[in-house]
Amino acid sequence: MAIEFKNVTKKIKKNTVINNANLTIETGKITGLQGINGSGKTMMMRLIAGLIKATEGEVVIDGIIIGKDIDFPLSLGMMLENPAFLNSYDGFHNLRLLADINGIISDSDIYESINRVGLDEAKNKKYKKYSLGMKQRLGIAAAVMESPDIILLDEPTNSLDSEGVEMVKRIVSEEKARGATIVISCHDTAILSELSDIIYTIESGKITGCIKNGSDSEQ
Amino acid sequence: MKYIKLVKFDLKYGILKRWYTYLLYALLTLFACMDFSFRLKSFDITNFSLGDCLFYFYSGISEYIPKPDEPIQIPYLWLLLNLLVCYFNVHYMSDDLSGLGQYVICRSGKRRNWWLSKCLWNFSSVLTYFLLSILIVLSFCTFNNAEFSFEISENMNLICPTGAQQYPVSQWNIGSIQLLLMPILVCTAISMLQMFVSLFVRPLVSYVVSIVIYFSSMYKLSDLLLGNYAMILRSDEIATNGVSALNGIIFSVCLIFASVICGLLYFQHYNILSRE
Amino acid sequence: MKKQLKIELKKAIFSPYFLFGLVMLTLFSVLSAIYILEKNGGYTAAIKADTEYAYNPDLPLFSFFSSWIGAERMSLAYTLFFNLMPIGTALPFAWSFCSERKSGYIKNIVIRDNKKNYYKAKTIAIFVSGMIVVLIPLLINILIVSSKMPLYKPFAGYNFYNCVYFGDLFADLYYSNPGIYVSLYVALNTLYGGLFAVLGAAFSFYISNIFSAVLLPFVIMLILAYTEHAFQAYMFAGDIVELIPTQFLHASTLYANSSGIVVAAVAIIILTFSFFTIYFKGVKNEIY
């Protein structure tokens, strides 16, 4: 699923959070978003997810305009900012709540996702007792469990130990091999370079650079 | 299909999982039944009907004419039965939108599905509160061998403390519409309006709006203040200058539809951001 | 502690919620003033204009002391002011305990300062913000009403019009020195404004949802008012005493006589509950 930003500008109240962004996220590739805090990485992901609509321009996924033709991408998994789940449920039931909406995966698929992110021992623990790293892992599980065509991961390595970071790398590679289009943002440039096929640098809502497989180009 | 799943999610998490709020409401109703029972005893009345009990709960207050030496007799029971519902429902939608709801809404496929599901939850929730309340009243009536009719006894205008005395009961033509339908419909309309307003402002502010509507309705007998239609004593079947149930039904239904549709239109362009 | 207190007071007062609470209660106090001036303002002028009635004993009925928001009993505004006081006072800062605990901000503070100091400073700031949010609207109402209504001393023979009965709290002051009476009630309202705010903050230790916690004092006052009215029917009429703060804070009697013992007792109960909650659930508890 190719994602295109065509002259996208987003203003929230008086702030321009995305300023005339033009970029293409190729199908089946891992695209990295790099930038300092507040540069607009999460906002770009929100635009792709359909959670916010562009003030000007269009976000197009395979020829379909998000916010006009459809409200949300048809097959999307995401983990934006801090994961938010229900405190009174355990990890498994939280994922099942979400999975029940689409109804395309079974309980065993959910268990598999939980095992993939290394939460098998904590799956029956209530979410409010999870550590920050565990919450992060559960967020990743929620993003990948339904094998979506588009995966958005906003700083997935936050709060994770080295094992967790390796887990993220492994999952991202597996999802790419499956053919998913992945957008990932990370402060660790080494991880981003290792995983991404292309990296866009963002500064104050503007796309300022594009790094493709080691080469550099300014926009 | 997805819409039904969303509705199931909201009914499960918005109603079943919040069973303690319904329990509190049931306890309030039970207490009100006991209060009614004691009041009957103090007037040496042994026979009463279902209509009497419902009248006691939803009578509200007769028209208030401000006088320096007569402050308004606030109908606390009527106020509680309505405002508690609004209190319990005030934050569900906004909590969901800033939490797990973001994941749910993306899976829902359409923004309108999410909003309509919330509207259905709101309506179901209000209905559940009132039905639970009516169930308790029915049980209370059964336990006390009360008459199962909507007829209101002659003595009821004495028992109700908020200005019913001036209206002779024999002239009343009160039925299930005033006793049952109007309180539910009005509360649903105000709860729906509250939910719509919380798209723009904090839920706390939207609750204050609901409070102001109910308090203003207590003070002023007017077709434009929705709370009047939920007060039986303000009905035109009792007070000559009262409000008509038909107007109340039209007003409430229009407000419900307006809240749903305006909310739908506004939500199409709503920025779903994590809110504190 | 002083630094912490300064910081907390600044946070409390320079916040949009403080403004909202203040504006809300001020709006009610101004509306009450406008309403009563419209109703009563004309009488005084008319009586004054007609010198035949220059010594009309009804004159004190239309004085400031029966027209300010604490005394008037006619407008919707005074009802909203007193009944919504628990919300208006909790709005500015009562939510901050819950919010800072949830966000983890409290960890930043306690590693830099004593946990006790933090809770002390916060509680004081909440109390002060609640007080200010009540005091300013009352003063504005007093200013507006006193600018038009004369300060005639109330006449004790008309206590059924003034609704300040013998036996009410400070009743003798009302008929002898009404200025002090008004001042005392303003002070009482201000004190209770602070108490409501701290009560809202205390509830936030039991309820995780901030809105529910802030609104809970209002809901509880409503429930208690209903309970009181429900049981009044079974008590001897002469012994009825006003127990609900949102009713006894009104300077003239609304439903039942006010009693100093009850006012003090309720204040102590609110203070004790809030203090013990904040101490045992806040100061003594660990921070996760």
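Everything below is about the structure shown above.
Residues numbered from 1 in each chain as written. Chains lettered and ligands numbered in written order. Predicted model: local features only at pLDDT ≥ 70, side-chain atom pairs only at ≥ 80, totals over all residues. Heavy atoms only, no water.

A. Local environment of the overall build of chain A. The helix and strand inventory of chain A stands at 6 helices and 11 strands. Against the globule reference of 17 Å for 219 residues, chain A gives a C-alpha radius of gyration of 17 Å, in line with a compact fold. For the C-alpha atoms alone, the extent of chain A along its principal axes is close to 50 × 35 × 35 Å. The buried share among the 219 residues of chain A stands at 56%. Nonlocal contacts in chain A, meaning residues at least 24 apart in sequence, comprise 63% of its contacts between residues at least 6 apart. Separation between the mean location of the 25 positive side-chain charges and that of the 30 negative ones in chain A comes to 7 Å. (Helix = DSSP H or I, 4+ residues; strand = E, 2+ residues; numbered from the N terminus. Rg over C-alpha atoms; globule rule 2.2 N^0.38 Å. Buried < 20%, exposed > 50% of the residue type's maximum accessible area, 1.4 Å probe, protein only. Contact = heavy atoms within 4.5 Å. Lys, Arg positive; Asp, Glu negative; His and termini not counted. Charge placed at Lys NZ, Arg CZ, Asp CG, Glu CD.)

B. Broad picture of the interface of chain A and chain B. Tallying the contact residues gives 32 residues for chain A and 26 residues for chain B. Surface buried jointly by chain A and chain B totals about 2,600 Å² across both partners, of which 57% is contributed by carbon and sulfur atoms. On the chain A side of the contact with chain B, A:Leu51, A:Phe72 and A:Ile101 bury the most area, a combined 25% of that side's loss. Where chain A packs against chain B, one counts 1 salt bridge. A:Glu146 serves as the salt-bridge partner of B:Arg107, at 3.0 Å between the closest nitrogen and oxygen. If you look at where chain A meets chain B, you find 11 residue pairs in polar contact (both at pLDDT 80 or more). Sorting the residues of the side of chain A that touches chain B by element identifies strand 1 (3-12), helix 1 (41-49), strand 6 (76-79) and helix 2 (91-102) of chain A as the ones contributing at least two each. (Buried area = accessible area lost by both parts, 1.4 Å probe. Salt bridge = Lys/Arg side-chain N within 4 Å of Asp/Glu carboxyl O. Polar contact = N/O pair within 3.5 Å; in protein donor to acceptor, adjacent residues only side chain to side chain.)

C. The sheet that holds strand 2 (residues 15-25) of chain A, seen in detail. Residues and elements named next belong to chain A. If you walk across this open sheet you meet the 4 strands as 2-1-4-5, and the pairing is antiparallel. Since the sheet does not close on itself, it has two edges, and those belong to strand 2 and strand 5 (64-65), each with one partner. Pairing analysis gives 7 bridges linking strand 1 to strand 2, with the strands arranged antiparallel. Each residue of the ladder has a partner; that of Glu4, found in strand 2, is Thr24. (Pairing = 2+ DSSP bridges.)

D. Up close: the packing of aromatic side chains. The final tally for this structure, using the stated rule, is 52 aromatic pairs over all chains. Here the aromatic rings of B:Tyr64 and B:Tyr219 are separated by 5.3 Å at their centres, their planes lie at 85 degrees, and the arrangement is edge-to-face. Of the two residues, B:Tyr64 sits in the loop between helix 3 (50-58) and helix 4 (76-89) while B:Tyr219 sits in helix 10 (residues 203-219), which places them 155 residues apart along the sequence. Since its relative accessible area comes to 8%, B:Tyr219 is described here as buried. The rings of B:Tyr22, B:Tyr25, B:Phe57, B:Tyr58, B:Tyr87, B:Phe88, B:Tyr129, B:Phe130, B:Tyr207 and C:Phe218 are connected pair by pair, giving a single aromatic cluster. (Phe/Tyr/Trp six-rings, centres within 6.5 Å; stacked < 30°, edge-to-face > 60°.)

E. Just the packing of helix 10 of chain B against helix 3 (residues 76-83) of chain C, in detail. Two numbers describe how helix 10 of chain B lies on helix 3 of chain C: the axes approach to 10 Å, and their chain directions differ by 145 degrees. Crossing handedness for the pair helix 10 of chain B and helix 3 of chain C: right-handed. Contacts from B:Val212, B:Phe215, B:Ser216 and B:Tyr219 in helix 10 of chain B reach C:Leu76, C:Tyr78, C:Thr79, C:Leu80 and C:Asn83 in helix 3 of chain C. (Axes fitted to C-alpha atoms, helices over the stretch in contact; angles between N-to-C directions. Left-handed = near helix turned anticlockwise from the far one by under 90°.)

F. Focus on the environment of C:Ser183. Residues and elements named next belong to chain C. Along the chain, Ser183 turns up in helix 10 (residues 178-203). Residue Ser183 is classed as partly exposed on the basis of its relative accessible area of 45%. On a C-alpha basis, the gap between Ser183 and Glu72 in space is 16 Å, while along the polypeptide they are 111 residues apart.

G. Broad picture of the pairing of strand 10 (residues 206-212) of chain A. Inspection of the sheet shows strand 9 (residues 198-203) of chain A paired to strand 10 of chain A by 6 bridges, in the antiparallel sense. Looking at the pairing, A:Ile198 lines up with A:Lys212 of strand 10 of chain A.

H. Expanded view of the interface of chain C and chain B. Contact with chain C, which involves 40 residues of that partner, is made by 39 residues of chain B. Taken over both partners, the interface formed by chain C and chain B buries close to 3,500 Å², and the fraction arising from carbon and sulfur atoms is 72%. Residue assignment for the side of chain C that touches chain B shows that the elements contributing at least two residues are helix 2 (16-49), helix 3, helix 8 (159-162) and helix 11 (210-232) of chain C. Of all the elements, helix 11 of chain C adds the most residues to the side of chain C that touches chain B, at 15 residues. Considering only residue class, the side of chain C that touches chain B consists of 30 nonpolar, 9 polar and 1 charged. (Nonpolar A, V, L, I, M, F, W, Y, C, P; charged D, E, K, R; others polar.)

I. Local environment of unusual backbone geometry. At A:Ser204, a position not held by glycine, the phi torsion is positive, near 50 degrees. Counting through the fold element by element, A:Ser204 comes out in the loop between strand 9 and strand 10. Using a relative accessible area of 56% as the deciding quantity, one classes A:Ser204 as exposed. Even without glycine at this site, B:Asp44 takes up a positive phi of about 55 degrees. Looking at the secondary structure, you find B:Asp44 in the loop between helix 2 (19-42) and helix 3.

J. Region of the structure containing the nonpolar core. If you look at the biggest cluster of nonpolar residues, it comprises 265 residues, and the most contacted ones within it are A:Phe5, B:Phe55, B:Phe57, B:Tyr207, C:Trp68, C:Ile87 and C:Tyr192. Setting aside anything within four residues of it in sequence, one finds B:Tyr207 in contact with B:Leu83, B:Cys86, B:Tyr87, B:Val90, B:Gln194, C:Leu215, C:Phe218 and C:Val219. (Core = buried A, V, L, I, M, F, W, Y, C linked by side-chain atoms within 4.5 Å.)

K. Fine view of the packing of helix 9 (residues 176-197) of chain B against helix 11 (residues 245-267) of chain B. Residue and element names in this part refer to chain B. Where helix 9 contacts helix 11, the axes come no closer than 9 Å and their chain directions differ by 25 degrees. One element, helix 9, and the other, helix 11, form an angle in the roughly parallel class. For the crossing formed where helix 9 meets helix 11, the hand is left-handed. Across the interface between the two elements, Ile177, Gln178, Leu181, Met182, Leu185, Val186, Thr188, Ala189, Met192, Leu193 and Phe196 of helix 9 pack against Ala245, Gly248, Ile249, Ser252, Val253, Leu255, Ile256, Ser259, Val260, Cys262 and Gly263 of helix 11. Among the residues making up the contact of helix 9 with helix 11, the classes are represented as 16 nonpolar, 6 polar and no charged. (Parallel < 35°, antiparallel > 145°, perpendicular 65-115°, else oblique.)

L. Up close: the pairing of strand 7 (residues 150-154) of chain A. All names here are of chain A. Counting buried positions over the 5 residues of strand 7 gives 5, a clear majority of the element. Side chains of strand 7 alternate between two faces, with Ile150, Leu152 and Asp154 and Ile151 and Leu153 buried alike. Strand direction decides the pairing type here: strand 6 and strand 7, joined by 4 bridges, are parallel. Bridge assignment links Leu76 to a residue of strand 7, and that residue is Ile150. When strand 7 meets strand 8 (residues 181-185), the two strands line up parallel, connected through 5 bridges. By the bridge assignment for strand 8, Asp154 is matched with Ser185. Since strand 7 and strand 8 lie parallel, the crossover through helix 5 (residues 162-178) that links them has a hand, and here it is right-handed. (Right-handed = clockwise from strand over helix to strand, strands pointing away.)

M. Just the pattern of salt bridges, in detail. All names here are of chain A. Within the structure shown, the criterion is met by 20 salt bridges over all chains. With a shortest N-O distance of 3.9 Å, Lys29 and Glu26 are connected by a salt bridge. Judged by its relative accessible area of 37%, Glu26 falls in the partly exposed class. Each of Arg116, Arg170, Glu174, Glu175 and Arg178 takes part in one network of salt bridges that share partners.

Any functional reading would require information beyond the geometric quantities listed.
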